[in-house]
Amino acid sequence: MNRSHSFSRGPRSRFTIVDMPKDKHLQRKTIKRLWQYVKLYPWTLLVVGLVIIFQAAFSLILPYIVRIAIDDYINIETVNLMAVAIIFASVALLTVITAFGSWLQRVLIATATGKITKKIRTDAFLKLQKLPIKYYDQNAHGDIMSVITNDVETIFMALSQVIPQLINAIIMIIGSITLMFFTSWHLTLVVLSLFPLMLLVIAFITTRAFKHFKTQHVKLGEVNGIVKEDIDGLKVVKLYNQEKAMIERFSEANDQLQVASFKAQIYSGMMMPIIRLLDNILYGIVVAVGAVLNIKLGASVISVGKIQSMTNYARMFVRPISNIAQTYNMLQSAVAGGYRVFRLIDEPDEYLNDAPANLPSKQFDVCFEQVNFAYVPKQKVLENISFSIASGKTIAIVGPTGGGKTTIINLLSRFYDPESGRILIGGHDINEYSKASVRSQMGVVLQTTYLFKGTVLDNIKYGHPKASFEQVVAAAQTAQVHDIIERLPRKYQTKVKEGGRNFSHGERQLIAIARAILGNPPIIVLDEATSSVDTRTEAKIQKSIGFLVKNRTSFIIAHRLQTIKNADLILVIQEGKITEQGNHEQLIAQKGLYYEMYALQFNKL
Amino acid sequence: MKSLLKIYKRSYSKKYLAYAILAILFMIGDVGIALAIPAITKGIFTEINSGRNSLSYVYQTGLLVVAVALVAVITTILNNVFAQHLSTKITRDLRKDLFAKVQDLSFSNVDKITSGTLMTVIANDTSQIQQIIMMSFRAILRSPLTLIGALVMAFVTNKDLLYIILGVVVILGFSVMKIITKAAKIFSSLQEKNDDLNEKLIETISGAREIKVFQTETADFEKFTKTNEEYTNTIVKANKHMALMDPIIVLVSNLAIGTVLLVASYLVSIYTGEARVAMVGTISAYISYLQQIIMSVMMLSMVSVSLSRAAVSANRIQMVLDTKIDIVNNEVALKDIDISGEIEFRNVAFGYVDEDNGVNAKTIENINFKIAAGSTIGVIGSTGSGKTTLVQLIPRLYDVTNGQVLIDGHNVRDYDLNFLREQISYVTQEPLIFSGTINSNIRQGKEDSTEEERIQAAQLACASEYIEVTSDQYEHAVTQGGTNLSGGQKQRLSLARALVRKPKILILDDSMSAVDAKIEATIKANLKTLNQQTTIIVAQKIASIIHCDNIIVLDNTGHLDGYGKHEQLLSQSRVYQEIYASQFGGANE
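Sequence order as written defines residue numbering, which begins from 1 separately in each chain. Numbering of ligands from 1 and lettering of chains from A proceed in the order in which they are written. Confidence filtering applies because this is a predicted model: local features only for residues at pLDDT of at least 70, side-chain atom pairs given and counted only at 80 or more, and all residues used for totals across whole chains, interfaces and linings.

**Some thoughts on the overall build of chain B**
Point 1. Scanning chain B for helices and strands turns up 22 helices and 12 strands.
Point 2. For a compact globule the rule gives 2.2 Å times the number of residues to the power 0.38, and the radius of gyration it is set against comes from C-alpha atoms. Taking 2.2 N^0.38 as the reference for a compact globule, 589 residues should give roughly 25 Å; the C-alpha atoms of chain B span a radius of gyration of 36 Å, well beyond that estimate.
Point 3. Principal axes of the C-alpha set define a box for chain B whose edges measure 120 × 55 × 50 Å.
Point 4. Within the span of chain B, comprising 589 residues, buried residues form 48% of the whole.
Point 5. Considering only contacts in chain B between residues 6 or more positions apart, those separated by 24 or more positions represent 78%. The way it works is that DSSP assigns letters per residue, a run of H or I at least four long becomes a helix, a run of E at least two long becomes a strand, and they are numbered from the N terminus. Exposed residues have 12 or fewer other C-beta atoms within 10 Å of their own C-beta, buried residues have 20 or more, and residues in between are partly exposed; the C-beta atoms are placed from the backbone. Contacts are defined on C-beta atoms placed from the backbone: any two residues whose C-beta positions lie within 7 Å are in contact.

**Section: the overall build of chain A**
Point 1. Of regular secondary structure, chain A possesses 19 helices and 12 strands.
Point 2. In terms of C-alpha radius of gyration, chain A reaches 36 Å, well past the compact-globule figure of 25 Å for 605 residues.
Point 3. Taken over the C-alpha atoms alone, chain A extends approximately 120 × 60 × 50 Å along its principal axes.
Point 4. Classification of the 605 residues of chain A by burial places 46% in the buried group.
Point 5. Once local pairs closer than 6 in sequence are excluded, the contacts in chain A between residues at least 24 apart make up 79%.

**Some points on unusual backbone geometry**
Point 1. Even without being a glycine, A:Arg414 presents a positive backbone phi close to 55 degrees.
Point 2. By the C-beta count within 10 Å, which is 23 here, A:Arg414 ends up buried.
Point 3. At B:Asp408, a residue that is not glycine, the phi angle is positive and equals roughly 50 degrees.
Point 4. Of note, B:Asp408 is situated in the loop between strand S4 (402–407) and strand S5 (410–411).

**Some points on the interface of chain B and chain A**
Point 1. In this assembly, 130 residues from chain B lie in contact with 128 residues from chain A.
Point 2. The greatest single-element share of the side of chain B that touches chain A, amounting to 25 residues, is contributed by helix H4 (residues 55–104) of chain B.
Point 3. Under the convention adopted here, Pro, Cys and the residues Ala, Val, Leu, Ile, Met, Phe, Trp and Tyr are nonpolar, Asp, Glu, Lys and Arg are charged, and Gly plus all remaining residues are polar. Residue classes in the side of chain B that touches chain A are distributed as 68 nonpolar, 44 polar and 18 charged.

**Quick notes on the pairing of strand S3 (residues 394–398) of chain A**
Residue and element names in this part refer to chain A.
Point 1. Counting buried positions along S3 yields 5 of 5 residues, so the element is predominantly enclosed.
Point 2. Of the two faces of S3, the one carrying Thr394, Ala396 and Val398 and the one carrying Ile395 and Ile397 are both buried.
Point 3. Two strands form a pair only when DSSP identifies at least two bridges running between them. The pairing of S3 with strand S10 (residues 553–557) spans 4 bridges and is parallel. Each residue of the ladder has a partner; that of Ile397, found in S10, is Ile557.

**Thoughts on the packing of helix H8 (residues 162–206) of chain B against helix H10 (residues 217–242) of chain B**
For any two helices packed against each other, one specifies the inter-axial angle together with the distance between the axes.
Residues and elements named next belong to chain B.
Point 1. As a rule, the C-alpha atoms of each element are fitted with a line to give its axis, helices using only the stretch in contact, and angles between N-to-C directions run from 0 to 180 degrees. At a minimum axis separation of 9 Å, H8 and H10 run at an interaxial angle of 160 degrees. As far as their axial angle goes, H10 and H8 are roughly antiparallel. Between H8 and H10 lies a crossing of left-handed hand.
Point 2. The residue makeup of the contact of H8 with H10, split by class, is 11 nonpolar, 7 polar and 8 charged. Orientation categories follow fixed angle ranges, with anything under 35 degrees roughly parallel, anything over 145 roughly antiparallel, 65 to 115 roughly perpendicular, and all other angles oblique. Whether a crossing is left-handed or right-handed is set by the direction in which the near helix is turned from the far one by less than a right angle, anticlockwise for left-handed and clockwise for right-handed.

**Quick look at the domain arrangement of chain A**
Point 1. The domain boundaries assigned to chain A delineate domain 1 (24–183 + 328–352) and domain 2 (185–301).
Point 2. An automatic or database domain assignment supplies the start and end points of every domain. Distance from the C-alpha centre of domain 1 of chain A to the C-alpha centre of domain 2 of chain A: 24 Å.

**What about the pairing of strand S3 (residues 376–381) of chain B?**
Residue and element names in this part refer to chain B.
Point 1. The element S3 is largely enclosed, with a buried count of 6 among its 6 residues.
Point 2. When S3 meets strand S10 (residues 534–538), the two strands line up parallel, connected through 4 bridges. Residue Thr376 lies in a different strand from S10, and its bridge partner there is Thr535.
Point 3. As paired strands, S3 and strand S11 (residues 550–554) are joined by 5 bridges and run parallel to one another. Bridge pairing in S11 links Gly381 to Leu554.

**Observations regarding helix H22 (residues 574–584) of chain B**
Point 1. Along H22(B), the residues classified as buried are B:Val575, B:Tyr576, B:Ile579, B:Ser582 and B:Gln583. Seen from one end, H22(B) has its buried residues packed into an arc of 130 degrees, which puts them on one side. The arc under discussion is defined with respect to the helix axis, by the directions toward the C-beta atoms.

**A look at the nonpolar core**
Point 1. By convention the nonpolar core is taken to be a set of buried residues drawn from Ala, Val, Leu, Ile, Met, Phe, Trp, Tyr and Cys and joined through C-beta atoms within 7 Å. Judged by nonpolar contacts, the single largest core of 327 residues is most densely connected at A:Val286, A:Ala514, B:Val260 and B:Leu290.
Point 2. Counting residues per element, this core draws most heavily on helix H9 (residues 243–297) of chain A, at 19 residues.
Point 3. Not counting the four nearest positions on each side in its chain, A:Val286 is found in contact with A:Leu187, A:Val190, A:Val191, A:Ile307, A:Met310, A:Thr311 and A:Ala314.

**A word on the domain arrangement of chain B**
Point 1. Its domain assignment divides chain B into domain 1 (2–322) and domain 2 (343–588).
Point 2. Computed over C-alpha atoms, the centres of domain 1 of chain B and domain 2 of chain B are 56 Å apart.

**Quick word on the sheet that holds strand S9 (residues 523–527) of chain A**
The pairing of strands in a sheet happens through backbone hydrogen bonds and is either parallel or antiparallel.
Residues and elements named next belong to chain A.
Point 1. In spatial order, the strands read S6-S9-S10-S3-S11-S12; together these 6 strands make up an open sheet with mixed pairing. Each edge of the sheet is formed by a strand with only one pairing partner; in this case those strands are strand S6 (442–445) and strand S12 (577–582). Recorded for the sheet is a direction-independent mean angle of 15 degrees between the axes of neighbouring strands.
Point 2. Judged from the 4 bridges that link them, S6 and S9 form a sheet pairing that is parallel.

**Examining the sheet that holds S10(B)**
Residue and element names in this part refer to chain B.
Point 1. Taken in spatial order, the 6 strands line up as S6-S9-S10-S3-S11-S12 in an open sheet, and their pairing is mixed. Bordering the open sheet on either side are strand S6 (424–427) and strand S12 (560–564), each of which pairs with just one other strand. The sheet shows a mean angle of 10 degrees between the axes of neighbouring strands, taken without regard to direction.
Point 2. For S6 and strand S9 (residues 505–509), the ladder comprises 4 bridges, and the chain directions are parallel. In the sheet register, Tyr426 faces S9, and the bridge partner there is Ile507.
Point 3. Taken strand by strand, helix H18 (residues 487–499) contacts S6 and S9, and its axis lies near 175 degrees from that of S6.

**Quick notes on the confidence of the model for chain B**
Point 1. Each residue carries a pLDDT score, the predictor's confidence in it, ranging from 0 to 100. For chain B, the average pLDDT comes to 81, and 93% of its residues sit at 70 or higher.
Point 2. Taken over the whole predicted complex, pTM reads 0.76, whereas the ipTM for its chain interfaces reads 0.80.

**Thoughts on the packing of H8(B) against helix H11 (residues 245–270) of chain B**
Residue and element names in this part refer to chain B.
Point 1. Two elements in contact, H8 and H11, have axes separated by 10 Å at closest approach and are oriented at 175 degrees. Classified by the angle their axes make, H8 and H11 are roughly antiparallel. For the pair H8 and H11, the contacting residues are Ile164, Val168, Ile171, Leu172, Ser175, Val176 and Ile179 in the first and Met245, Ile248, Ile249, Val252, Ala256, Thr259, Val260 and Val263 in the second.
Point 2. Across the contact of H8 with H11, the residue classes break down as 13 nonpolar, 2 polar and no charged.

**Comments concerning the confidence of the model for chain A**
Point 1. Mean pLDDT over chain A works out to 80, with 92% of the residues at or above the 70 mark.
Point 2. Per-residue pLDDT stays below 50 along residues 1–18 of chain A; that stretch engages in 43 contacts with residues further than four places along the chain or on separate chains.

**Some remarks on the environment of A:Lys214**
Residues and elements named next belong to chain A.
Point 1. Within the secondary structure, Lys214 sits in helix H7 (residues 195–232).
Point 2. A count of 16 C-beta atoms within 10 Å places Lys214 in the partly exposed class.
Point 3. Considered as a pair, Lys214 and Ser261 are 47 residues apart in the sequence and their alpha carbons are 9.7 Å apart.

**A look at the environment of A:Arg276**
Point 1. Take A:Arg276: it is sitting in helix H9.
Point 2. Judged by the 19 C-beta atoms lying within 10 Å of it, A:Arg276 falls in the partly exposed class.

This is how it looks when you write it as structure tokens:
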């Protein structure tokens, strides 16, 4: 989703939703990790620190200078134009220097935080590539996305804006109190006596506003959920005339959102006027008490200029307090974001205990020896699976959905590792060799094929960027997808939309088959590779599949038994166990599940 | 900009006129007070300097300042209350109107706008509008008012110092605008870079299996690095521009204060008498006005960016709201008549609009056939031959490009749309399940169905067997998209929803692909017992449609290749023969 950027933050942005373990230890650890990144830029840190101090000192000192100008050189009796001019010139010079420093500081911060977040994003991305498939199966993809996009963005905001602001606020508070004491301790006591009241008011507003922003956030999620559900299911909404019912459901959530949003805005909108009120009350009190003291004690104790600068210091004292209150939430959410980002970066990598040696196999016979596997502990998906297939032969796996067919493929391609038992390729246990070397022996066509951004040509060449155009066309012809591609508006140069949504499932599967053909691997895995292709086209590619599996060890999972009849070995897997095995004729003769399935598909013939 | 005003005018303006007026009134009060305070305090300084030492005057003025400040806080809060009423309510109405509009859009409308854009418009663009309305009161209307007010007050206070202020306004306004327009340009290209980065991330996450199998990590990382680099560089560049902003404001305002002091001291030296006394107080008031002016100039420049953003959002909102719905009721709008379920296609052609490639390819063309009421019809053909397209024309999910679709001799366009769809149950390929319960999903088929009807429908669809083993039975909770149900369970549930209304026309669009063969056979047998509706079965497998009264065969180019009974087609349709051979060829060996 779109995010607003630094220079036009919306009214919501100061209150971000925090989802963070309350554990202080974890928070500290996260801050330390962030520091590791910040530490890489010591010069930036130094310059930024100096500039912030200089800036704060200058803005604190300015009222003092103005006071001197008013008190000593501009009054009823005498005006020392020369002195005022000198003061003006020096203030102007200091202002120019501070402005330059402040510009430099901002540029340095922008550059360094840009580099830091770029590095964090890169680190997270590198982990993304190395995460086991298990991680992707178990975590919602939207959540993973949000960590690398939103959470990193929050860190960026915190580093580039909040923290400098916070440091500045702290210096301003300390500095203004000190200077107030030097100017007039009487008036300082007056200002400080109001301090607890201010804190109380600010804390009250902030917590209230935060609470309502949280509700607003939740309600917004609900509203968006309904919109998504409605748009996704629009066909059913229309076909069953559900429009009114949907509008009613939407309106209810929408009304609640309005109320929550209203309350949140009211509370957060109270912050500024109340701060201004406190400001003005302080101003009034300082001026009034100052005037009284001026008259009672004389101008030598409290001059007009002193009152004037006291009002300025009081303002410098109030503003940072509200700043701190408001930035606190942003800081918290940055720490929470950092926590999630580092949790992702710290996820165990699938290559962590990867064996260094490459699979030395020259022969590609595959053997499963008493393999057991469970995705969730104690819920066995595969139990005691043993079979072997000679090099260059074809094995087919059939059985009801959820029986464990795809799991066998997941183990063979080492997306998951078996709990016990061994898988051997050419007599070598694949767990003892690097994952990359095992996978490079395989061409896998999955049930749902993901197409990447780029052209059709890029997608067939995927993984083999050096293939020539002729080779690509040859592979496409073998996969029976060439004619389909030729009919596309820009043929092989037709752009693939995100995920391949401008291609049907069947077309995607054919492109994936072409991809696999181009790769020319010794082991071929077809996991429901033609499930969405119509039977007529399937019959046509049957020949090419025959060509593809020839002299390669092949694994075929298929619903349509027609496609696997010629396999050298057929396994029937039910509830994680091999219940039948043999070739087509043997299984038909057994009159077991295979026979039943076959009869059902070819019934009444 | 125009569309922004248009949105405000859309009936909402009258509805919430009272809020708008009150918000503006309190805002004016607010600005007035902010302008009055320096004038009041000026008096105190003058009084002190006058040497009259009148304590009661100081007390009075001090109290006055506090009282005025209290009034100010009330006006500001009330201004906010009314402004928020206005902004949140207009946004709420806008969201509702947009949502209602989406319900009316046809699928060719949705295809054109894209569902992604619709989501963004309802979710994000409306928030932009809410923000811009809020900003109207915080800046767009307030800043010019403050600016003019402060200028007038400054003028009234002292004419000689006004030149400094005018100079400040010009210099500041000019430079801030310059910085912002430049940065805004960079920021607008940022969105594109951000989309690129997100797309790359989605690819890496969704294509994880492919990346691992084909070991394309390096190439993948290179692409990521490029987008990451571009995105970061753009942000840094924009922020470097913005880095000028604060220093320039501080610089200009400080120099202006200095100049005011310098000139004021000169003025004090040449003034005499009362004017000289007043001048000292004037200085502090002047500095206050100066600060107010600088703030308003700054806010105004900032707002210009938000305005251009909001205008983009407003355009998109208008685009959706103004979309001409292409599937609507005719003037005739037949309804409340008895339908027998006879269907006829006359010279039907249809093509989807392909917005990217500009090719309006015909998906189906020159289709002619007639289906007798109460019969069962099969539709078969290759992937992409237009089977789904064909059946979607019956309930008018799309309208034909050419020709006519008729039910009981009447063009489907002549029926009342709701009435037409009530006669038809169309079960989609991908089961679309809504969050709620099993019951709420079945009830979508018939709002006023009795419990028995729903149970009966579930039984016919073979859904009752899995429903009745759950603990809550028909009240079993279903998550969004039906993610807590298996594919087969979802398909059976969507079939139950279709059957509960006892449709005159039942269309099954390859809707039992995830149901296992045994259950599918039972469902088929159940459907036969109903025997009251016209049934159209779209299928991949000949076995699924072999017993149909008639079978429609589509070829690769979306033309009718055959229409008739199984045996007939076996001898007449080449496509049918090929399909048959592909499915049964081996069985006879």
